[in-house]
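Observations on the three-dimensional arrangement
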Amino acid sequence: QVHVLESGGGLVQAGGSLRLSCLTSGRTFSDYVMGWFRQAPGKEREFVAAISRSAVTTSYAASVKGRFTISRDNAKNTVYLQLNSLKHEDTAVYYCAARPTPIFSDTYYSVDDYNYWGQGTRVTVSS
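In this text the structure is predicted, and so the values were computed from the model without any measurement. (Residues numbered from 1 in each chain as written. Predicted model: local features only at pLDDT ≥ 70, side-chain atom pairs only at ≥ 80, totals over all residues. Heavy atoms only, no water.)

With antiparallel pairing, the 4 strands of this open sheet are ordered in space as β1-β3-β8-β7. Two strands bound the open sheet, and with one partner strand each, they are β1 (3-7) and β7 (68-73). On average, adjacent strands in this sheet sit at an angle of 15 degrees to one another, irrespective of strand direction. Two strands pair when backbone bridges link them, and β7 and strand β8 (residues 78-83) are joined in this way by 6 bridges, in the antiparallel orientation. Bridging across to β8, R72 finds its partner in V79. (Pairing = 2+ DSSP bridges. Helix = DSSP H or I, 4+ residues; strand = E, 2+ residues; numbered from the N terminus. Axes fitted to C-alpha atoms, helices over the stretch in contact; angles between N-to-C directions.)

Have a look at this one:
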């Protein structure tokens, strides 16, 4: 069993920044592709970013590319999402997810691709 715990959400003004963290426990962190998703009120959960086991590959949704940065520290069992130049439409609950894979460079984009999820951390961007 893998436990996933997000933190770092909050209220920020448009144009501001936040850094989300996701701590995992229970299995070898470096065996997992890590992803960030978000869900706004009344909308489906959507892909935001993902990072491969070795961090050699990162992937982003078009809506956040150039503003958000995903990174991981395998020694700390933690993945981060740096959110810059925030917009009102970035308001959502942000979820961290993990998927085991034998491939060092793969990333995944679908909710159905991930096995373990956190409870989410809320980000509210005031305009």
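Here β1 runs beside strand β3 (residues 18-25); their pairing, made up of 5 bridges, is antiparallel. The residue of β3 that forms the bridge with V4 is T24. Alignment of β3 against β8, held across 6 bridges, turns out to be antiparallel. Paired with R19 across the two strands is Q82, which belongs to β8.

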